[in-house]
Structures are given as structure tokens and as C-alpha cells.
Amino acid sequence: MGVPRLGRFLEPFGKVLHFQVPPTGSPGSIVIDGPAFAYWLWFAVSIPPPNYRAFQDAILNFHQFLISLGFRTIEYVFDGGLPYSKHQTRKARYQQNMSDPINAYVHLCVPIAHHVLKGIAGANVVVCNQEADKYCALRARELDGIVLSQDSDLLLFNLENPHTGYVPLHSISITSEGLQGKLYNFQEIKRHLPFDIYLLAAYLGVEGHPEDQVIDYHSSFQQICKVLEESVKTGTLEKLISTQELHRVHKFYLLDDISLSSQLNDFMWGRVQELLHSTLEPPEMWLPQLPELPARPCSWTESAPLRLQAYANFFSNQKSKTEVLEYSRKYAQLSKKLISIKFDYASVIDTMQNKFANWPLPHRLVLWTLRCLKNLTNIAATSFLLMHTSLYLNAPLRLQSVTPTQEGTALVSRYIATSYSLCMLVFSESDKGRSIDLQSFSSFSPLSSTVNFCLFHEAMGKLKTGRSPFSIVSDRATAELTYKLYKDLSADYQDMDIIINIWNTQTTKKKRKKIN
């Protein structure tokens, strides 16, 4: 979150930094705040909201671009969870975001970036046990490098060396010649201020400040500097900021915090890490917000059995953990539910009853996801499979842009929730006797590798008119793979609702089956 207005006030004290392609020398090391990078990239490349495959490609392209700049070390740092001090802020943001379901697609950008960088790109990814910003500063000091982030707190960590510092993500631009950004060095900023820089931060309000402290949200930088300089000269500083608070702020930005650690599982997403390492009783799980319509039931509900087994697995060796507090949406309100996890450990294969065992893992994950969706129609199932196979085989579909329907948006949210819950179940397996090989799982991102919901909406629009899937695909391999996947799914999903027999050359209307 950072210190309010600090970045804007100190903006003039940055210097332009260039990294060239090809590199003219070693540019040193770079540490990247993973969550900040994910959100920045999502908006920087203007990705159509449902197209997670395009976001995956953008992540891989940016990482390759950094490699081309010749950095000695490139390290991505992801959060291991938010501190409880930000609980109220998180609740307020969650509630606020419910009124904007379309933009909710962005909330999966962090786990996607984490999975893609660690698994597909093979990048150096670490997960720290706190928020990423402070650990980024610590690693940048150790590696003698710079930090890419979007948090003004990075202005206040002393990285010591003059060529190190903080580069805000919003300041960077990419050209044919390389990368340009604005570097802020702690020692350089200090030289421009006639008083302690931590005094300015404390006056503007550092996270955890006393509730009765009066924060100046309106005065200009020049006015604030004048007030602080005068209070230091006249010895009246205590009237503005207590000695205790100033001491706390100094300590807050020290980089000798022995509690900082990166000893967490570097493949598991931050929200799951937060659950596992929570000091709260019961531990909490904040489910990501989805593009849901407030009038409809929560999309996370039908995949609850998958998460229930995952929670039981996670805490199978901690018998004192018997409940998890799960946060999600209930219509237009934030809701929390206490879940009992008194169940025995079970592998993914056991939980899914070893269904679709003959398929490679990428196809199997999609079939599992669809099998867990209730009241699925053959139109929806085929549309999801067409999306998956066309991206898996890099084969275009013959489709036209459409406006997503409410029905289609609800199906997408349910698909995401189920896929995410399946991933949690994979994470929850113990390393000994693992039924899903993590190396295979990491080479394919279930949330993005074959996910472009624009294709799903467009395919469903075509199929609803009675068009055959064979008329949509552009090659035989895509048609055959889609058909084989559909046949295996429908053989197991015997109560699937058949709206139109789209796989016959002559499509005929069928009476809708009654779902019990």
C-alpha cells in the first residue's frame, strides 16, 4: 500500500535509467515484486478481460525481454499473505469490487503470473512469509540490484549503494532500444531533504500509525516540509509526531528483520500460503473474486467438496486444526463461512475416483473441471472443450466476436472456481506418494494455458444456433481431439443436458432432459 502521497512528493528526485538491447555491459541484478508486476502487466498490455492465455504470453514475453537485457540475476518475489493489520482494508476492497464483475477477471492475474513464471518460464521465484515489498528490498541489497515494484514503501528502504534503488513499474517504458525507467536511490533522496526522511513518512502516515494521529492529506509538499523543518528547529516536533511513533517508523524500514524468510513452498500461491502459515484461529482462506453477477449464487459453492478435501490434506498433520474460515461472496455481500475439516487425507486421484486416467494431465484437468460442474449442457461442455483444444493445438477457430450472455458469464465463473479448487487439491498432496507429478503440473497452467473465454462465448453462440463443432474448427486434429474428449466426458457425465445433438451431421432438436 505504501505511504500516502509519498511517491508523488518525491517524484522529482528520481533519475532516468536505461538498459539497452543488446546490453553494453552487465546491468546487475533485478528483483521484481511479483503481485505488483502481475497487476501492472495486466493493465499495461490492455488484455481483453477473459483472455488469460494472452496474459500468459505477455508474462513469458516480458521475462524473455528481461533476459535479453543481460541481468545477472532476475528474481520474482511473491507474497506469502497479507498481515492481519490489513484485514479491514481487504474487506472494504472486496466489498467495493463486487459492484464491478467484469473487471474481476484481474484478480487471478497474481496466481497466473506465479504459476507461469515458476513453472513454464522456469524463472527464479521465491515466496516470502510476509508482503513482498520488504523482502524485495532485502534481496536487492543482498544482490546489489534494483527493485521493480509499485509501492512507495520502497523509497524508504536503505539499499546503500548509489546504483541500487527502487524503480516504479509505472515509470518504465519499453522501446526497440531496451528499457527505460526512473530510479530512486535512498541516499540521493536524503540529500534533498533538510530533515530525517522518516519524519516525512511518519507525518504522512505509515501503516500501523496511532489511530489518534492527525494525518495531513491536503497540504502541498512545500508546506509540509516547511512545517516539519520549523518543528525540528523549535523543538516542537513532539506536538506533530510522538517520539515513540518516529522510533517505530525507523524500525519498520530496517532490513535486519530476522522474521523475514523465503522458506515457503515457492510454487504454492500466496493465498494458500497465507492459509497454511496463518497465526489466526481458525486459519482464513480468502477466495479470489470472480466475474460474478451479484444476483446469482456464489460460483465457489459447487467446488466446495474439492476445497474441503484440500483443507483436510493441508492440516492432516495438525490435529488441532479442525476448522477453516472461508471468505467469499454471498449475493451482493462479503460472506464468511466456518468449515469443519475433520476428514482423512485423500489424494487427487482418490478424490476424483481416477476418472479420465488415460488422458495427459492438461486434458485431464479440463475434463475433471467440467465433470465437477453441475447441470452442464452439451453446448457448454463442447464450447469449453473447443476453447481448450484450439489453444492446446494452436489452431484457430472460425468464430465471430459476441457479447457474453449472463448465462455464459456465470458458467465462466463456475469453471474458474472449480479449476482453482482443483489446483488447491493438487497443492495439498503430500510430497511422499504424490499422485500428480508437480513437474507435469508446473509445465501447464490450468488457469491460463488454454483459457480464453472469448473463444468459449463465441463457440457457445455458434453452437446454440445448431451449428456443428466441425464447422467451427479449422483442422482435423482439433475436431478429433475435441470429439474424443467430449465422448469420454459424456460417457461419465450421463445426466448431461442434451439441448441439440450438435455432433450429428443433421442436427435435430431433442427434448430437454429433466435434471433431478
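Residues numbered from 1 in each chain as written. Predicted model: local features only at pLDDT ≥ 70, side-chain atom pairs only at ≥ 80, totals over all residues. Heavy atoms only, no water.

Asker: Please explain the overall build of the chain as it appears in this structure.
Answerer: Counting its secondary structure elements, the chain contains 19 helices and 11 strands. Taking the contacts inside the chain whose residues are at least 6 apart along the sequence as the reference set, 76% of them involve residues at least 24 apart. Put simply, the chain shows about 23,700 Å² of open surface, and 51% of that area lies on carbon and sulfur atoms. For the chain, the distance from the average position of its 51 positive side-chain charges to the average position of its 47 negative side-chain charges is 9 Å. (Helix = DSSP H or I, 4+ residues; strand = E, 2+ residues; numbered from the N terminus. Contact = heavy atoms within 4.5 Å. Areas by Shrake-Rupley, 256 points an atom, 1.4 Å probe, with all protein chains shown as cover. Lys, Arg positive; Asp, Glu negative; His and termini not counted. Charge placed at Lys NZ, Arg CZ, Asp CG, Glu CD.)

Asker: So what exactly am I meant to see when it comes to the packing of helix α16 (residues 406-428) against helix α18 (residues 453-463) here?
Answerer: Two packed helices can be described by the angle between their axes and the distance between those axes. Following both chains from N to C, one finds α16 and α18 inclined at 135 degrees, their axes separated by 11 Å at the closest point. It follows that α16 is oblique to α18 by the angle criterion. In the crossing of α16 with α18, the sense of the turn from one axis to the other is right-handed. Contacts from G408, T409, L411, V412, Y415 and I416 in α16 reach F453, F456, H457 and M460 in α18. Class assignment of the residues belonging to the contact of α16 with α18 gives a composition of 7 nonpolar, 3 polar and no charged. (Axes fitted to C-alpha atoms, helices over the stretch in contact; angles between N-to-C directions. Parallel < 35°, antiparallel > 145°, perpendicular 65-115°, else oblique. Left-handed = near helix turned anticlockwise from the far one by under 90°. Nonpolar A, V, L, I, M, F, W, Y, C, P; charged D, E, K, R; others polar.)

Asker: Help me out: how do you make sense of the layout of surface pockets in this one?
Answerer: A water-sized probe rolled over the atoms picks out the places where empty space is left. Roughly 1,300 Å³ of internal volume is contained in the largest pocket. Around the largest pocket, the lining comprises 42 residues; the ones closest to its centre are P35, Y39, D79, L82 and R93. Of the residues assigned to the lining of the largest pocket, the class counts are 18 nonpolar, 12 polar and 12 charged. Quantified by volume, the second largest pocket comes out at close to 690 Å³. Elements with a minimum of two residues in the lining of the second largest pocket: α4 (87-97), α6 (132-143), α10 (243-252) and β9 (284-286). (1 Å grid on protein atoms, 1.4 Å probe; cavity = no way out; pocket = protein on both sides within 12 Å on 5 of 7 lines; lining within 4 Å. Points joined across faces, edges and corners; volume = space filled by probe spheres on them.)

Asker: When you look at the environment of I416 in this model, what are you seeing that I'm missing?
Answerer: Checked against the element boundaries, I416 lands in helix α16. Taking C-alpha positions, I416 is 9.6 Å from V451, a pair spaced 35 residues apart along the chain. Aside from chain neighbours lying at most four places away, what touches I416 is Y52, Y105, L108, L290, P291 and F453.

Asker: Quick question: what am I supposed to make of the sheet that holds strand β6 (residues 165-168) here?
Answerer: The strands making up a sheet associate through backbone hydrogen bonding, with each pair oriented either parallel or antiparallel. Across the sheet, which stays open at both edges, the 5 strands sit in the order β4-β3-β2-β5-β6 with parallel pairing between neighbours. Looking at strand neighbours, the two that pair on one side only are β4 (124-127) and β6, the edges of this open sheet. Neighbour-to-neighbour, the strand axes of the sheet open up by a mean angle of 25 degrees, direction not taken into account. Where strand β3 (residues 73-78) and β4 come together, 4 bridges link them in parallel fashion. Opposite F78, over in β4, you have V127 as the bridge partner. On top of the sheet, helix α3 (residues 52-68) reaches β2 (29-33) and β3; it is set at about 145 degrees to β3, its chief contact. Sheet strands touched by α6: β2, β3, β4 and β5 (146-149). Its angle to β2, the strand with the most contacts, is close to 175 degrees. (Pairing = 2+ DSSP bridges.)

Asker: Would you mind showing me how to read the packing of helix α15 (residues 378-392) against α16 here?
Answerer: The N-to-C vectors of α15 and α16 enclose an angle of 60 degrees; their axes lie 12 Å apart at closest approach. Crossing geometry of α15 relative to α16 is assigned as right-handed. Across the interface between the two elements, A380, F384 and M387 from α15 touch L411, V412 and Y415 from α16. Here the contact of α15 with α16 is built from residues that sort into 6 nonpolar, no polar and no charged.

Asker: Can you help me understand the pattern of salt bridges in this one?
Answerer: One side chain can pair with another of opposite charge once the charged atoms of both are near each other. This model, assessed by the stated rule, comprises 18 salt bridges. Notably, a salt bridge pairs E75 with R139, separated by 2.7 Å at the nearest N-O pair. With a gap of 64 residues between them, E75 in strand β3 and R139 in helix α6 connect regions that are remote in the sequence. With respect to burial, E75 and R139 carry one shared label: buried. Across the salt bridge formed by R90 and E274, the nearest N and O atoms sit 2.9 Å from each other. (Salt bridge = Lys/Arg side-chain N within 4 Å of Asp/Glu carboxyl O. Buried < 20%, exposed > 50% of the residue type's maximum accessible area, 1.4 Å probe, protein only.)

Asker: Any chance you could explain unusual backbone geometry here in plain terms?
Answerer: Most peptide bonds adopt trans geometry, and most residues besides glycine take a negative phi value. The amide bond that connects V21 to the next residue, P22, takes the cis arrangement and shows omega of -5 degrees. Within the secondary structure, P22 sits in the loop between β1 (15-20) and β2. The step from E281 to P282 runs through a cis peptide bond, and the omega angle for that step is -5 degrees. Relative to the helices and strands, P282 resides in the loop between α11 (270-276) and β9. Its identity is not glycine, yet N354 carries a phi of approximately 55 degrees, on the positive side. Within the secondary structure layout, N354 lies in the loop between α13 (348-351) and α14 (361-372). Residues other than glycine seldom take positive phi values, yet N375 does so here, at roughly 55 degrees.

Asker: Before we go on, may I ask you to explain the nonpolar core in this structure?
Answerer: General note: in soluble globular proteins, nonpolar side chains tend to be found buried as a group. Judged by nonpolar contacts, the single largest core of 120 residues is most densely connected at Y76 and F453. Broken down by element, this core gets its largest block of residues, 12 residues, from α16. Contact partners of F453, with chain neighbours within four places excluded, come to P50, Y52, Y105, F384, M387, V412, Y415 and I416. Among the nonpolar cores identified, the runner-up in size contains 47 residues, and A137, L200, V206 and I241 belong to it. (Core = buried A, V, L, I, M, F, W, Y, C linked by side-chain atoms within 4.5 Å.)

Asker: Even after reading the chapter, I still don't get the pairing of strand β10 (residues 323-330), so can you show me in this structure?
Answerer: Each regular strand shows side chains that alternate between the opposite faces of the sheet. With respect to burial, β10 is a largely interior element, 6 of its 8 residues being buried. Pairing of β9 with β10, which is carried by 3 bridges, proceeds in the parallel orientation. Within the sheet, the bridge partner assigned to E284 lies in β10 and is L325. The handedness of the β9 to β10 crossover, carried by helix α12 (residues 304-314), is right-handed. In this structure, β10 lies alongside strand β11 (residues 333-340), joined through 8 bridges in antiparallel fashion. Paired with V324 across the bridge in β11 is I339. Taking the residues that link successive antiparallel strands as the turn, the β10-β11 hairpin has 2 residues, and the phi of Y331 there is positive, at about 55 degrees. (Right-handed = clockwise from strand over helix to strand, strands pointing away.)

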